[in-house]
Amino acid sequence: MKKILAITLCFAFISMGSVLAQTELPKHSVDLGTEISYIKYKEPSVMEEKGMMYGIVGSYTYHNKLMLKADGRFSYGQVDYKNSGTLDNIDDYTLEFRGLGGYDFSVFTASTLTPYIGIGYRYLNDDMTGTTSTGALGYERESNYLYSPIGVEIITPLKNDWSIGATAEYDIFWWGKQISHLSDVDPGFNDPENKQKKGYGIRGSIKFQKKGEKLDFVIEPFIRYWNIKKSKDADITYYGTYVGYGYEPKNNSTEIGCKLAVKF
């Protein structure tokens, strides 16, 4: 994953051979768009889920040397589960909100480099209620992450009103909570909540932007990766009686996709 981010930044720097004048970043800008991605979630030696996700994204950015940004996204799709048994067309949806702050630096005459830091929240709902091919019963799962993005963005103008940019980011994982709705299997069970404290995320993107008379058009391929360690144990009860404990295994997810947006 680190190699991918290095390649992303190198690609942006190499493109500076075609630059024009210094980048002029608008003081206020709004992005609205859509994205499509392929996601693969794995609990090594346990299970995996994979499928397509379709989303809407939006952001507001303020630039005046100081950079402030608020963004959010919602995505929905259906994934296929594979373990000893299989279950297809599981409904998944994700909500994510982020607030970022940074500072704009002029580099290489024409480019703008913006290091940033912030806070983010990610929610994933994996509704695996149903019966697998082996007769096992599934249940709904909720995933909550609180993290701090630390990254850098660079943008460089090209010819014919085009510009190219790249983003590389490391996400510090602060806290996570997994809610397993075992009551979907049998109403006698409680819904244990497992706390998570260790993990990290990495993401990167390359942005191509075309300036129009009233709107700018953005094409942005991206990759997002999470690696989360084993959770804390949580008690499992049946009609109030302790019957054991459960935990969320270590897991990782990789999402590769592309965003299409307009900026005004």
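A closer look at the overall build of the protein chain
Part 1 of the argument: A count of helices and strands for the protein chain gives 1 helix and 14 strands.
Part 2 of the argument: Along the first, second and third principal axes, the C-alpha set of the protein chain runs to 70 × 30 × 30 Å.
Part 3 of the argument: Across the protein chain, every contact between residues at least 6 apart in sequence was considered, and the portion connecting residues at least 24 apart equals 64%.
Part 4 of the argument: Roughly 13600 Å² of accessible area belongs to the protein chain as shown, and the carbon and sulfur atoms make up 61% of that amount.
Part 5 of the argument: Measuring between centres, the 30 positive side-chain charges of the protein chain sit 9 Å from its 32 negative side-chain charges.

Describing the environment of tyrosine 170
Part 1 of the argument: Tracing the backbone through its elements, the reader meets tyrosine 170 in strand 8 (residues 162-180).
Part 2 of the argument: Those residues within four positions of tyrosine 170 in sequence are excluded, and the remaining contacts are Ser148, Pro149, Ile150, Tyr200, Gly201 and Ile202.

A few points about the pairing of strand 13 (residues 241-246)
Part 1 of the argument: Taken together, the 5 bridges between strand 12 (residues 234-238) and strand 13 define a ladder with antiparallel strand orientation. In the strand pairing of strand 13, aspartate 235 is matched with tyrosine 245.

Concerning unusual backbone geometry
Part 1 of the argument: Of note, lysine 65 is a non-glycine position whose phi angle comes to about 70 degrees, a positive value.
Part 2 of the argument: If you trace the backbone, lysine 65 turns up in the loop between strand 2 (47-64) and strand 3 (66-82).

Focus: the nonpolar core
Part 1 of the argument: Among the nonpolar cores identified, the biggest contains 9 residues, and these are Ile39, Tyr41, Met47, Met53, Val79, Tyr81, Leu87, Ile90 and Met128.
Part 2 of the argument: Elements supplying a minimum of two residues to this core: strand 1 (28-43), strand 2, strand 3 and strand 4 (86-103).
Part 3 of the argument: Ignoring sequence-local partners within four residues, the contact set of isoleucine 90 consists of Glu49, Gly77, Gln78, Val79, Tyr81, Asp126, Asp127 and Met128.
Part 4 of the argument: In terms of nonpolar packing, the next biggest core, distinct from the first, is built from 5 residues, Tyr145, Tyr147, Trp226 and Ile228 among them.

Brief notes about the pairing of strand 10 (residues 199-211)
Part 1 of the argument: Bridge count for strand 8 against strand 10 is 11 bridges, and the pairing is antiparallel. Paired with glycine 165 across the strands is lysine 207, a residue of strand 10.
Part 2 of the argument: As defined by bridge partners, strand 10 adjoins strand 11 (residues 216-228) across 11 bridges and the pair is classed as antiparallel. Note that in strand 11 the partner of arginine 203 across the bridge is arginine 224.
Part 3 of the argument: A loop of 4 residues connects strand 10 with strand 11, the two strands running antiparallel in sequence.

Things to note about the environment of tyrosine 139
Part 1 of the argument: If you trace the backbone, tyrosine 139 turns up in strand 7 (residues 137-157).
Part 2 of the argument: For the pair tyrosine 139 and proline 157, spaced 18 residues apart in the sequence, the C-alpha separation amounts to 50 Å.
Part 3 of the argument: Among all residues touching tyrosine 139, those that are not within four sequence positions of it are Asp126, Met128, Thr129, Ser180, His181, Leu182, Asp184 and Val185.

Points about the pattern of salt bridges
Where charged atoms of side chains with opposite charge meet at close range, the side chains can pair.
Part 1 of the argument: In total, this model carries 19 salt bridges according to the counting rule given.
Part 2 of the argument: Between glutamate 96 and arginine 73 there is a salt bridge, with its nearest N and O atoms 2.8 Å apart. You can see glutamate 96 sitting in strand 4 and its partner arginine 73 sitting in strand 3, a full 23 residues away along the chain. For the pair formed by glutamate 96 and arginine 73, the shared burial category is buried.
Part 3 of the argument: In this structure, lysine 230 engages aspartate 233 in a salt bridge whose closest nitrogen and oxygen atoms are separated by 3.6 Å.
Part 4 of the argument: Take lysine 230: its relative accessible area is 47%, and that puts it in the partly exposed class.
Part 5 of the argument: Note on aspartate 233: relative accessible area 46%, which makes it partly exposed.
Part 6 of the argument: Overlapping salt bridges bring together Glu35, Asp71, Arg73, Glu96, Arg98, Glu169, Asp171, Arg203, Arg224 and Glu255 as one network.

Reading the values: the criteria
- Residues numbered from 1 in each chain as written.
- Predicted model: local features only at pLDDT ≥ 70, side-chain atom pairs only at ≥ 80, totals over all residues.
- Heavy atoms only, no water.
- Helix = DSSP H or I, 4+ residues; strand = E, 2+ residues; numbered from the N terminus.
- Contact = heavy atoms within 4.5 Å.
- Areas by Shrake-Rupley, 256 points an atom, 1.4 Å probe, with all protein chains shown as cover.
- Lys, Arg positive; Asp, Glu negative; His and termini not counted.
- Charge placed at Lys NZ, Arg CZ, Asp CG, Glu CD.
- Pairing = 2+ DSSP bridges.
- Core = buried A, V, L, I, M, F, W, Y, C linked by side-chain atoms within 4.5 Å.
- Buried < 20%, exposed > 50% of the residue type's maximum accessible area, 1.4 Å probe, protein only.
- Salt bridge = Lys/Arg side-chain N within 4 Å of Asp/Glu carboxyl O.

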